[in-house]
Structures are given as structure tokens and as C-alpha cells.
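Overview (structure and organization)
Read off the chains here:
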Amino acid sequence: MSRNWTPQQKNAIYATDGSVLVSAAAGSGKTAVLVERVIKLITREKNPLDVDRLLIVTFTRAAAAEMRERIQAAVNKLLEDDPYNAHLLAQRQLLYSANISTIDSFCGDIVREYFHTLDVARDFRIADEGELEILRQEALDNTFESFYDSEDDCFYSLLDLFKGKQGDQKLRETVLKISEFLTTQPFPDKWLDDMLENYSETDIEKTVWGKIIIDYALSAVLHGINLTENSILRLKDDEKLQDAVEPLLVGDLAYFTLVQLKFVSSSWDEIRQAIFSFETGRMKSPKGYKDNPIKISVSSNRDEVKETVKKLQSLFFWSEEDARLELSQLHRFISTLFTLVRAYDKKLSELKAKKNILSFADIESLTVKLLAKPDDDNGYTKTVQAQEISNRFDAVMVDEFQDVNDVQDLIFKSVSNDESNLFVVGDVKQSIYGFRLARPELFLEKYRTYQKDGESQQRIDLDKNFRSRPEVLAGANYVFRKLMSPELGGIAYD
């Protein structure tokens, strides 16, 4: 008996034009939809695809095996009704060589195929974590010994910044953390160069840190405005108290409004001057209002307003000249730190090359190196090899997209036909691999820009849960609807 698909599931199954993002909630039948989509692609009446012309990437080996088995079962089911169908018989045979795998397995095959281009031995092996940890420590020791022997003043100044009871341990840990982070960047050298360039910006409000501070300060200002407006509204219930207190609150509201306007296009010092223009004043109330509930509420709000202003002033404590001087000094330290990181990465690569081993992160990095080159205008440019590989696939399907990083995302873009045949599935609410440097922001970016009725970029929401009882769903939805918002979690829980 055929399955009754929902309209949203049918959209996901039959969508063929352009890039497609499927936001699939827990229990929404995601795997069944993926399998059915594959079956429809290889059995459609007009231009049916061969299953080995599909690239299907899943998160785990178990998921890849399950996907292959379910597709095989679906093909066998069709053959029961039409046992002499030549196309179906061919698909069953091609399924054994179909590209259904994890990202690591796919990248491993690519690196082995193009080993001569990447200058690696074809018979490399994947190192286990214990072996890699030993090599990391050896590379770190060798790198630090080399820098100690160089007697570089910049290096010793950097040591002073990180020094503690454990000597250079904090600096060592920082080098390791940066190195690990760089494995998730498609072009690590460019990332380091671009980051160092941030320390050369002369307009503090335009720096990465200035923008972060201003964004954070803006939320504080809006909080102050909400508190003050709420207090002014409450005073309308008591005319006598309103006459005594409202002028002070109107001044507060004018202050926050001025600061908010300064954030738009003013210099750092102009913003700072506005923030420090706050007049504390004293909230006076008529006699006999000590225990008045409106007065107590308004007074509490004003205390919170003053605390908010203190936080704002602490953020803008430094003048633009002082901040510029600090950035100039930091540029020197960061430059030395990045030189240290590059030296460590080079030494670690040499040690791994001697043992003919690679990590999973190395394989992904080598795949990016093969497929794309950095481009200041477009971010990246596909290589000849990328075009060769993308020509092998009529469709690229990626599961658990909320848990990919920047390197993996670029790989999928490069092996697809400029994303026009890219189909990705995920649920940002189920993203749990941030500790592995996954970037759910990549999913959210597509979620926000793709349209439900889009042509070249389409978003499909699978939001019906078929797995759980209504009572369970109601309880879970009640809790998370209260907790999850664009500010907390990056997306509204709807």
C-alpha cells in the first residue's frame, strides 16, 4: 500500500530545480522522504537518473548503510511488480557502486584518486586519535624549542602575556586551539591574514570588536528604553507621582534615544561622549509614597536603568586613541602568535608525512585544496578538478546539514553544479556538535535567505511529528516555545 505523503513531504520528494533546503523536525519522516526522493529521481518517466550519478552524504556510516539498504529495498519492491524492467535491474546493480557515504569516506576516495595532484602517498592511512595526540605534543615541543632558541623578543613578550603558574602551558593550549579551529576553515592561511588585518583598522567602531561591542550595547540601550517607557506608562495611573517623577524619566528616555542614534553613523568617541552624558539625578516622590506600589516599581526600574548605564560606560571606557594604541600593540603579539601556529602546523604535517598518516580533518582540507582556490571577489573559485568531479553527479544530497562546518560546506558547493542541484536536509534544533566546531549558522543562513516559494533557492519545512504522542509533543513544545528564540538558539521555536 502506498504511503500518504503530506504536501510538504511531496514538495521535498519532487523538488528538482535549484538549490533546496529541507528543514526537517524530529519525527517528520526525513529518511523516508530522502529514500522516496531517490526512487523518484531514478524512476521518473522523463530523464530518469542512474543511482550512481547521485552523491548522497550522511553523517555516520550506520546512516549511510541504512540509506543504501532502504533504497535497495525500494528498488526490489518495484521489481516485484515489474521484474523485467531493464532500468530498474540496472539500478539494482549500480547501487553497489553508488556514492552513498559519510563526508570522510567521500573525501578519502577523492584524495586517493588525486593523490598525485595533492602530493600525498596513495597508500596513506588514517591515524587514530591516540597516535595524533602524541604527534601533536611532539610538534608542539619542537616548535617551542625552536622559538626559545631564536631568542625572539616578540616571542618572549608573547610568553609574558600568557605566563602563569604552569609556565608556557596557556600559550601552548592557545596554539593547539587555533590550529584545531583552522582545520574547519577552507583557506586557513587566508583566515589568519584576514584576522591579522583586523588589528590594522583605524576606525575602532568598524573593527570586529567595535561592531560586537556596539551590537551588545544596542541591546542594552533598547532594554533601557523599554524599562523607561514602562515606567512612564505606569505613572499615568497616579497624576501626583507622575508630576514628580516623569521629568527625570523623560530625560532618561532622551539619553537612550540619543545613544541609539549615535550607534548608526558616529565615531567611537562621539558614541562614547553620548554614553557618558547620562545624568543620574535623584528620583523624588511626594510624601507618603514610600510604600506606594507604583513608586516601588518605577524606582526598581530606574535602579536597573542606572546599572545598565554603568555597563554601557564600562564598555566604552577607553577613548578611540587609547583603543588604537592597544590594537597596534596587539597586532605585534597576534602576528607572533600566528607565526607560532603556522610553525606548529608545518612541523605536525612533517611528522605525519614521515609516518604516512592523515587525520580526517587533513583529508577534508586536502579535498578543499583540490576543489577550490580563494577568491577575494566571490570567496572561492572552483578548480578544473572540481569541475571534473561535479560533472559526475546529477544531484547532490546532504543529510544532517546543521552539523557541517565551513570546509564541508565548501566541498558540497564545489562538487555540485554551483548549488543548482544541491539538496540539503537538517534541523538546527538538533545541532549538537558545536564542540566539534560544527557551524549551524550555515544552516540558518540558508534558512533565512531561501524562500518557501523560491525558484532557484527553495525552503521546505517538514514540521509535523509522526513519531511521538500528542501529549509528549504538547509538553515539549510548551517548554521550548518559551525558551528558544532567534536570540537564544538562533531560530524561533515554531
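Computed from a prediction, not measured in an experiment: that's the story for all the values here. By convention here, each chain's residues receive numbers from 1 onward along its written sequence. The predicted origin of the model limits local features to residues at a pLDDT of at least 70 and limits the giving and counting of side-chain atom pairs to 80 or more, whereas totals for whole chains, interfaces and linings rest on all residues. As a rule here, side-chain values come from all non-hydrogen atoms in the structure, and water together with hydrogens is ignored.

Focus on the overall build of the protein
Definition in use: Secondary structure elements are taken from DSSP: a helix is a run of H or I of four residues or more, a strand is a run of E of two residues or more, and numbering for both begins at the N terminus. Here the radius of gyration uses the C-alpha set of atoms, whereas the globule reference equals 2.2 Å times the residue count to the power 0.38. Categorising residues by exposure relies on relative accessible area from a 1.4 Å probe, with only protein chains included: less than 20% of the type maximum marks a residue as buried, more than 50% marks it as exposed, and the intermediate range marks it as partly exposed. Contact definition: two residues touch when any of their heavy atoms are within 4.5 Å. All accessible-area figures derive from a Shrake-Rupley calculation using a 1.4 Å probe, and residue coverage is judged against the displayed protein chains alone.
Regarding its fold elements, the protein presents 20 helices and 10 strands. Its C-alpha atoms give the protein a radius of gyration of 29 Å, more than 25% over the compact-globule value 23 Å for 494 residues. Counting only C-alpha atoms, the protein reaches 95 × 70 × 40 Å along its principal axes. For the protein, with 494 residues in total, the buried portion stands at 43%. Look at the contacts in the protein between residues 6 or more apart in sequence, and 76% of them connect residues 24 or more apart. Accessible surface, the protein as shown: approximately 27400 Å² in total, 50% of it carbon and sulfur.

Considering the pattern of salt bridges
Convention followed: The rule for a salt bridge is simple: a side-chain nitrogen of Lys or Arg has to be within 4 Å of a carboxyl oxygen of Asp or Glu.
Summed over all chains, the structure comprises 31 salt bridges. Of the charged contacts, one joins Arg136 and Glu129 as a salt bridge, the two residues approaching to 2.7 Å between their closest N and O atoms. A residue is classified by how much of its surface remains accessible, and Arg136, at 22% relative accessible area, is partly exposed. One salt bridge in this structure joins Arg439 and Glu441, with 3.5 Å as the shortest N-O distance. Connected through shared salt-bridge partners, Lys30, Asp399 and Glu400 make up one network.

Here's the deal with the sheet that holds strand β9 (residues 422-426)
The strands making up a sheet associate through backbone hydrogen bonding, with each pair oriented either parallel or antiparallel. What counts here: Strands are treated as partners if at least two bridges between them are detected by DSSP. Only the stretch in contact is used when fitting a helix axis, every axis being a line fitted to C-alpha atoms; angles between N-to-C directions are given from 0 to 180 degrees.
Spatial ordering of the open sheet is given by β3-β2-β8-β9-β1-β10, a layout of 6 strands whose pairing is parallel. Edge positions in the open sheet fall to β3 (99-102) and β10 (457-462), since each of these has one partner strand only. The mean inter-strand angle of the sheet, taken between neighbouring strand axes irrespective of direction, is 15°. Sitting on the sheet, helix α3 (residues 61-81) is in contact with β2 (54-58) and β3, with an inclination near 155° to β3. Helix α19 (residues 440-449) contacts β1 (19-24), β9 and β10 of the sheet and is inclined by roughly 110° relative to β1.

Re the packing of helix α9 (residues 169-182) against helix α15 (residues 320-355)
Two measures define how a pair of helices packs: the angle their axes make with one another and the distance between the axes. For the record, the criterion: Angle categories: roughly parallel below 35 degrees, roughly antiparallel above 145, roughly perpendicular from 65 to 115, and oblique for all the rest. Crossing handedness is read from the near helix: turned anticlockwise from the far helix by less than a right angle, it gives a left-handed crossing, and turned clockwise, a right-handed one. For this classification, the nonpolar set comprises Ala, Val, Leu, Ile, Met, Phe, Trp, Tyr, Cys and Pro, the charged set comprises Asp, Glu, Lys and Arg, and every other residue, Gly included, is treated as polar.
Contact geometry of α9 with α15 gives a least axis separation of 10 Å together with a crossing angle of 70°. One element, α9, and the other, α15, form an angle in the roughly perpendicular class. Here α9 runs over α15; the crossing is right-handed. Of the residues in α15, those touching α9 at Leu171, Thr174, Val175, Leu176, Ile178, Ser179 and Leu182 are Leu337, Phe338, Leu340, Val341, Tyr344 and Asp345. Its residues assigned to classes, the contact of α9 with α15 comprises 10 nonpolar, 2 polar and 1 charged.

Things to note about a negative patch on the surface
Filter applied, for reference: Here, patches come from residues exposed beyond 30% relative accessible area and free of salt bridges, joined within 9 Å for like charges and within 5 Å for nonpolar side chains (Val, Leu, Ile, Met, Phe, Trp, Tyr). Charge counting treats Lys and Arg as positive and Asp and Glu as negative, with His and both chain ends excluded. To locate a charge, take NZ of a lysine, CZ of an arginine, CG of an aspartate or CD of a glutamate.
On the surface, a cluster of negative charge is contributed by Glu145, Asp149, Glu151, Asp152 and Asp153. You can see Asp153 is positioned in helix α8 (residues 153-162).

Looking at the side chain of Gln402
The condition that has to hold: Nitrogen and oxygen atoms within 3.5 Å of one another constitute a polar contact, given that in protein one can donate a hydrogen and the other can accept it, and given that sequence-neighbouring residues count only through two side-chain atoms.
Structurally, the position occupied by Gln402 is in the loop between β8 (395-398) and α18 (406-415). Within polar-contact distance, the side chain of Gln402 engages the backbone nitrogen of Asp427 at 3.0 Å. Leaving out residues up to four positions away in the same chain, Gln402 has contacts with Val425, Gly426, Asp427, Val428, Gln430, Ser431, Arg439, Pro440 and Phe443.

Considerations on α3
Cut-off, in case you're wondering: Helix span, expected: 1.5 Å multiplied by one less than the number of residues in the helix. The arc in question is the one spanned by the directions pointing from the helix axis to the C-beta atoms.
Between the first and last C-alpha of α3 there are 31 Å, a value that for 21 residues agrees with the 30 Å anticipated at 1.5 Å per step. Of all the residues in α3, the buried ones are Ala64, Met67, Ile71, Val75 and Leu79. The buried residues of α3 occupy an angular sector of 110° when the element is viewed end-on, so they sit on one face. Facing away from the buried side of α3 by more than 90 degrees, the exposed set consists of Ala62, Glu69, Lys77, Glu80 and Asp81. Against the buried residues of α3 lie α2 (30-43), β2, α4 (86-94) and β3.

Some points on the pairing of β1
Of all the 6 residues making up β1, 6 are buried; the element is thus mostly covered by neighbouring parts of the structure. With 6 bridges connecting them, β1 and β10 associate as parallel partners. Counterpart to Ser23 in the pairing with β10 is Asp461. In this sheet, β9 lies alongside β1 in parallel orientation, the contact comprising 4 bridges. Within β9, the residue paired with Ser23 across the bridge is Gly426.

As for the environment of Asp123
Looking at the secondary structure, you find Asp123 in the loop between α6 (115-118) and β4 (125-126). On the basis of relative accessible area, Asp123 is assigned to the exposed category, the value being 58%. Between the C-alpha atoms of Asp123 and Ser314, which are 191 residues apart in sequence, the distance is 58 Å. Within the structure, the side chain of Asp123 is placed 3.0 Å from the side chain of Asn356, a separation counted as a polar contact.

Notes on the confidence of the model for the protein
For clarity, the threshold we go by: pLDDT measures the predictor's confidence residue by residue and takes values from 0 up to 100.
In the predicted model, the protein carries a mean pLDDT of 92, and the fraction of residues at 70 or more is 98%. Of all helices and strands in the protein, the one with the weakest mean pLDDT is helix α20 (residues 470-483) (80), whereas helix α16 (residues 360-371) scores best (97).

What about the pairing of strand β7 (residues 379-382)?
Within a regular beta strand, the side chains point alternately toward one face of the sheet and then the other, so they alternate between its two faces. Across 4 bridges, strand β6 (residues 372-375) lies against β7 in antiparallel orientation. Its bridge partner being in β7, Pro374 is matched across the sheet by Tyr380. The hairpin formed by β6 and β7 contains 3 residues between the paired strands.

Focus on the packing of aromatic side chains
Note the following rule: Pairing of aromatic rings covers Phe, Tyr and Trp, the last counted by its six-membered ring, and requires centre-to-centre distances within 6.5 Å; plane angles under 30 degrees mean stacked, over 60 mean edge-to-face, and any other angle means tilted. Ring-over charges, as used throughout, are those where CZ of Arg or NZ of Lys falls within 6 Å of the ring centre and within 35 degrees of the ring normal.
Taken as a whole, this structure holds 15 aromatic pairs when the rule is applied. Their ring planes at 70° and their centres at 6.1 Å tell us that Phe144 and Phe155 sit as a pair that is edge-to-face. On the criterion of sequence distance, the pair formed by Phe144 in helix α7 (residues 129-150) and Phe155 in helix α8 is long-range, its members being 11 residues apart. Assigned by exposure class, Phe144 and Phe155 land together as buried. Ring plane angle 65° and centroid distance 5.0 Å describe the contact between Tyr255 and Phe278, whose orientation is recorded as edge-to-face. Of the two residues, Tyr255 is situated in helix α12 (residues 239-265) and Phe278 in the loop between α13 (268-275) and α14 (293-315); the sequence distance between them amounts to 23 residues. Taken as a pair, Tyr255 and Phe278 share a single burial class, namely buried. Ring pairs connect the aromatic residues Phe144, Phe147, Tyr148, Phe155 and Tyr156, which therefore count as one cluster. Lying across the ring of Tyr447, Arg459 places its NZ or CZ 4.1 Å from the centre.

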